[in-house]
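Secondary and tertiary structure notes
Take a look at the letters that make up each chain.
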Amino acid sequence: MFSIDSLKASVNSSITLDDVSNTRDNNYNLLRFLAAAGVIVSHSFPLSYGPGTHEPLSDTLGFSLGRLCVYIFFVISGFLIAKSFCQRKSMLDYTLARILRIFPALILVVLLSALILGPIMSSLPFSAYFNNISVYTYIIKNISLVSLQFGIDGVFSNNIYPDAINGSLWTLPYEVACYVMIAFLGLVGIFHSRFMLFGVLLIYGVVWIYYTNNSYDNAIWYKLGIFLELSLYFLAGSICYIYRSKIYLNFWLMIGLLISSCAFIGTDMFKFMFLPGLTMAIFYIVYIPGGFLRAYNKLGDYSYGLYIIAFPTQQVLASLITDISATEMMVSAFFLTLSLSIISWHIIEKPCLRLRRYFIS
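A few points on the structure. Since the structure is predicted, the reported quantities are computational estimates derived from the model, not experimental observations. (Residues numbered from 1 in each chain as written. Predicted model: local features only at pLDDT ≥ 70, side-chain atom pairs only at ≥ 80, totals over all residues. Heavy atoms only, no water.)

**Considering the nonpolar core**
Residues Phe74, Met181, Leu249, Ile282, Phe283, Tyr287 and Ile308 are the most contacted members of the largest nonpolar core, which totals 111 residues. Take this core: its biggest share by element is 14 residues, from helix H5 (residues 65–86). Ignoring anything within four residues of it in the chain, the contact list for methionine 181 reads Tyr204, Phe227, Ser231, Phe234 and Leu235. (Core = buried A, V, L, I, M, F, W, Y, C linked by side-chain atoms within 4.5 Å. Buried < 20%, exposed > 50% of the residue type's maximum accessible area, 1.4 Å probe, protein only. Helix = DSSP H or I, 4+ residues; strand = E, 2+ residues; numbered from the N terminus. Contact = heavy atoms within 4.5 Å.)

Here you go:
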């Protein structure tokens, strides 16, 4: 059961983020796992019924359950990456930690998708498939994260959601860009100046609100808008780490912020006004509920594998079972992807993370 003492303390505003942020006994792995599962649920609708199908929450909040889960990932990542930067032994240590968390599993998934899954699911003959330049551009672009390529000619071309192998990769370039952003802000000393840090957040908010109230057809400007949106959530998590001693995990304040943001539903301001309540809710869930929930930490961090493996798995199901329902897809894909994610964590991700100790003394 939950820890009653910690729940009571949080209601009385006596626990700050600083009080709990240095413990490994938390619910980060569990919340990220649930967020990754939420993405599977959200994607099951368009992948079962076709592009344009409304996903859960999209009619209520103006964005889907999948988008909400991405926001959760970015707030959590912002907090933990800021912590990693501030506690780093060197920039090499910080950089290696980021590279070893993102790229080993990504490289494996991209290679398996292009070289194993692709020829099996392609409508092209085997020899024609490997003579197809899009196979190799898919590998190069998606491993480098410079300019993503979501499909390979002939692969899943007859699916109801055609020509996409792994749409979930779209967030990774923005995630890496946020890592660079945190390093830059830290190196120029902004983390040591409250005035400058809140100034950065304020500028982000103003620019983002301005951007959302104007239309841009240029692809670069579109990507800039996505970066502004996601990095704002990332930066909110980072600021929570920097000011952790001033942030109280108060239940009623969290509820008040979430309820007050509902007044902006249906407006361009909602994503911005929703941010404080969501951020507080995330850290409340991470640090306050205890008891049996903490047992999940013994299993491992399967969220990244779940996130980057699910989309290809769902596309295979859609290809093999042409009339699959969203419910059937989300259940089948979850358990299939979870099995692969467990293998990825124990065979690829966790061992690669340990490699950092060989480079950093």
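After presenting the structure, the write-up continues.
**Here we look at H5**
Along its 22 residues, H5 runs 32 Å from first to last C-alpha, staying within 8% of the 32 Å computed at 1.5 Å per residue. Judged by how many residues are buried, H5 sits mostly within the fold: 20 of 22 residues are covered. (Expected span 1.5 Å × (residues − 1).)

**A few points about helix H14 (residues 303–320)**
Spacing of three or four residues puts side chains on the same side of an α-helix, whose turn is 3.6 residues. Between its first and last C-alpha atoms H14 spans 26 Å; for 18 residues at 1.5 Å apiece the expected length is 26 Å, and the two agree. Along H14, the sharpest change in direction is near 40° and occurs at alanine 310; proline proline 312 comes one to four residues later. Across the 18 residues that make up H14, a large majority, 16, are buried. (Bend = angle between axes of the 7 residues up to and from the residue.)

**Quick notes on the pattern of salt bridges**
Note on pairing: side chains with opposite charge can pair once their charged atoms come close. Counted according to the given criterion, the structure contains seven salt bridges. Salt-bridge contacts for aspartate 25 lead to arginine 294; the nearest nitrogen and oxygen are separated by 3.4 Å. Of this pair, aspartate 25 sits in the loop between helix H2 (17–20) and helix H3 (28–49) while arginine 294 sits in the loop between helix H13 (270–287) and H14, and the two are 269 residues apart along the sequence. Here arginine 294 falls in the buried class, since its relative accessible area comes to 13%. Across the pair glutamate 349 and arginine 101 runs a salt bridge, and its minimum N-O distance is 2.9 Å. (Salt bridge = Lys/Arg side-chain N within 4 Å of Asp/Glu carboxyl O.)

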